[in-house]
Amino acid sequence: MRLSQMLLVTLRDDPADAEIPSHKLLIRAGYIRRIGAGIYAYLPLMWRVLQKVSQIVREEMNATGAQECLLPQLQPADLWKESGRWDTYTKAEGIMFAFTDRREQQVALGPTHEEVITYVARDMIRSYRQLPLHLYQLQSKFRDEIRPRFGLMRGREFIMKDGYSFHADSESLKKTYDDMYVAYSNMLRRCGLKFRAVEADSGAIGGSGSTEFMVLAEAGEDEVLYTEDGKYAANVEKAVSLPVDAETSPFTSYEKRETPGTETIEKLCKFLKCSPTSVVKNVLYEVIYDNGTTVLVLINIRGDQEVNEVKLQNELTRLASQYGAQTILALTVPNAESQSNWTAKSLPLGYIAPDLSDEYIDAKKQVNPKFLRLVDKTAVDLKNFVTGANESGYHVLGANWGEQFKLPENVVDIRKARPGDRAVHDPKQTIQNARGIEAGHIFQLGTKYSQAMGATYTNEQGEEKPLVMGCYGVGVSRLAQAAVEQSYDKDGIIWPVAIAPYHAIVTVPNVNDTKQVEAAEKLYGELNKAGIETLLDDRNERAGVKFKDADLLGIPYRIVTGKALANGKVEVVKRASKKACELAIEEVVDTLKQWVEEELKG
Ligand code: ATP
Ligand code: MG
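Residues numbered from 1 in each chain as written. Chains lettered and ligands numbered in written order. Predicted model: local features only at pLDDT ≥ 70, side-chain atom pairs only at ≥ 80, totals over all residues. Heavy atoms only, no water.

(A) Quick peek at the pairing of strand E28 (residues 534-537). Burial along E28 is two-sided: Thr534 and Leu536 facing one way and Leu535 and Asp537 facing the other are all buried. Here strand E27 (residues 504-507) runs beside E28; their pairing, made up of four bridges, is parallel. The partner of Ala504 across the bridge, within E28, is Thr534. Handedness of the crossover joining E27 and E28 through helix H13 (residues 514-529): right-handed. (Buried < 20%, exposed > 50% of the residue type's maximum accessible area, 1.4 Å probe, protein only. Helix = DSSP H or I, 4+ residues; strand = E, 2+ residues; numbered from the N terminus. Pairing = 2+ DSSP bridges. Right-handed = clockwise from strand over helix to strand, strands pointing away.)

(B) Focus on the sheet that holds strand E18 (residues 385-388). Pairing within the open sheet is antiparallel, and its three strands lie in the order E13-E19-E18. With partners counted over all chains shown, the strands left at the sheet margins are strand E13 (255-258) and E18, one partner each. The mean angle between the axes of side-by-side strands here comes to 30 degrees, regardless of whether they run parallel or antiparallel. Here E18 runs beside strand E19 (residues 394-399); their pairing, made up of three bridges, is antiparallel. By the bridge assignment for E19, Thr387 is matched with Val396. (Axes fitted to C-alpha atoms, helices over the stretch in contact; angles between N-to-C directions.)

(C) Layout of the site of ligand 1. What surrounds ligand 1 is a group of 14 residues, the closest being Arg143, Glu145, Arg154, Gly155 and Glu438. The separation between an oxygen atom of ligand 1 and a polar side-chain atom of Arg143 is 2.9 Å. Interatomic distance of 3.0 Å between a side-chain N/O atom of Arg478 and an oxygen atom of ligand 1. Within the complex, the protein chains bury 85% of what would otherwise be the 580 Å² of accessible surface of ligand 1. With four residues, strand E21 (residues 432-446) is the single largest residue contributor to the shell around ligand 1. Grouping the amino acids of the shell around ligand 1 by side-chain chemistry returns five nonpolar, four polar and five charged. (Near = heavy atom within 4 Å. Polar contact = N/O pair within 3.5 Å; in protein donor to acceptor, adjacent residues only side chain to side chain. Areas by Shrake-Rupley, 256 points an atom, 1.4 Å probe, with all protein chains shown as cover. Nonpolar A, V, L, I, M, F, W, Y, C, P; charged D, E, K, R; others polar.)

(D) Just the domain arrangement of the protein, in detail. As assigned here, the protein comprises domain 1 (47-74 + 109-240 + 433-485), domain 2 (255-412) and domain 3 (502-601). The gap between the C-alpha centroids of domain 2 and domain 3 is 67 Å. (Domains from an automatic or database assignment.)

(E) Layout of the packing of helix H1 (residues 21-28) against helix H12 (residues 476-486). Where H1 meets H12, the axes come as close as 8 Å, and the angle between the chain directions of the two elements is 105 degrees. Judged on the interaxial angle alone, H12 and H1 are roughly perpendicular. On the side of H1, the interface is formed by Pro21, Ser22, His23, Leu25 and Leu26, while H12 contributes Gln481, Val484 and Glu485. Grouping the amino acids of the contact of H1 with H12 by side-chain chemistry returns four nonpolar, three polar and one charged. (Parallel < 35°, antiparallel > 145°, perpendicular 65-115°, else oblique. Contact = heavy atoms within 4.5 Å.)

(F) Representation of the nonpolar core in the model. One finds Tyr31, Met46, Val53, Tyr184, Trp495 and Ile499 to be the most contacted residues of the largest nonpolar core, which totals 61 residues. Here this core takes eight residues from helix H2 (residues 44-63), the largest share from any one element. Summarising the domain contributions, this core has at least three residues from each of domain 1 (47-74 + 109-240 + 433-485) and domain 3 (502-601). Apart from residues no more than four positions distant in its own chain, Val53 is found in contact with Cys191, Val476, Leu479, Ala480 and Ile499. Core analysis: the second largest hydrophobic core is formed by 26 residues, Ala77, Ala108, Ala121 and Ala455 among them. (Core = buried A, V, L, I, M, F, W, Y, C linked by side-chain atoms within 4.5 Å.)

Spelled out as structure tokens, the structure:
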């Protein structure tokens, strides 16, 4: 491709609305343009990158025996009602673009395709002989994200590879899941990325085990916790660890004490000169279930610990059936306004005790009359602890479960693991943290969707069984931008060769010099013929402008037909190292071929 004929508009300055380096660079280098919130045009250079990533993804998927297909983006609401996810996706998370068509039918734009594929499987899979089966597709997904940001990282329309596998049993699923683990690791490695596979929460998709593939970068939205020995890595949403030991409480006898102005743990511990590990903190949450019931949740947790809201949400989802509900519509810390909807009298905020009376709840039709009391494991073994006295300005000291307070029946793990904790698998290992960009996520779904939608097969014994399912997603467009986030310098992008839009760029410093133009044209033709994807910068621009643009675009190799021509040579510069050398013109094609092949081998 000749730059003179290309839609190439580079910007000298950072765009105002871009926050992270990869987003700024992709806009400045003319790879993408913003069309609306979370909506981008992939311009020709970006499209080549996306196609290269897609090709690597395809090769790795095909190598496992998965087959490519294409499912509709327009999805009837009925399928989502069958699976029970219509309300979650349109109301609770509200992430699905849903509307009513001219036939008065509800439809949605696909954020994911479990429902559609399960419908296909129900229709077409009859027997164990058809199993296992794995179908995948590459396509634009639509999600009405609350905070679309960082360019392609969190778009409202983005490209995903999603695959779904069907099995007769969980052993067969496990095998495909393991194959996907390898395939995903291969994809990321081949794309030139540094990554970590981590245990993950399964979220609204449901099911049992899942692994996320995190591209390591400071700008990542996710926090990864891991140990140096390489034996443990998990998303903080899912991570477990051993908290530091609690200090022995200095308060050996029970008393109520005036503690004015101590509504935070920090102030309280300063006032009482005690460790936060001697305190039982009592935290209120408000959950609204899908049947409209509001339940007030009172959590007891050790004073130095925080609630992990993902774990809490999972716990509350498990308890939903107790309230005649299936899923959660909202989970919040009640603010003054929402408190006014259910409190019978004003709460002793900052001084709440584990035995806060249910009389604080003004029981109405939609509000459960009793607190749901949960105690985190970290609070269970505390002795002689400090906690609120249910009276503003007062705490109790030297309290014990089974004496002054009844230990709640629901003992749960809802604490947030954090760096500095000890690892469960080996307490000598300390938990470390890093930031990551989630590029892929693989799930063992089990029978959640097949059961809900009645997708069954007949086994060898002639019995009808629900299909066992797995699902596997890679964010193709997110991954492409993550590569930039991991690899750039002050002058621009440094693409890994495997996903660079072009391998090389031939730069003609002076287009009025016929010798330079002739040499460049010849190399340009030969390189492309040899399979080195090459650009020709034949624009009538100053050499400095051309060099700057080549660096900004991030093309791995630059060939300059300048002064060295007098000796039958050209200058060749590697983008990553900025190292320059002179090569005899007739050696250029072979040398570059070798360099590119070397890089593609990974
Ligand atoms: P996140 O936690 O970042 O919202 P997710 O858990 O919703 O991701 P999945 O539903 O597992 O993501 O989708 C599979 C992959 O699609 C993700 O691993 C990610 O790479 C990509 N992806 C998800 N949401 C977006 C988005 N809004 N923009 C770009 N890529 C996305
Ligand atoms: Mg999401």
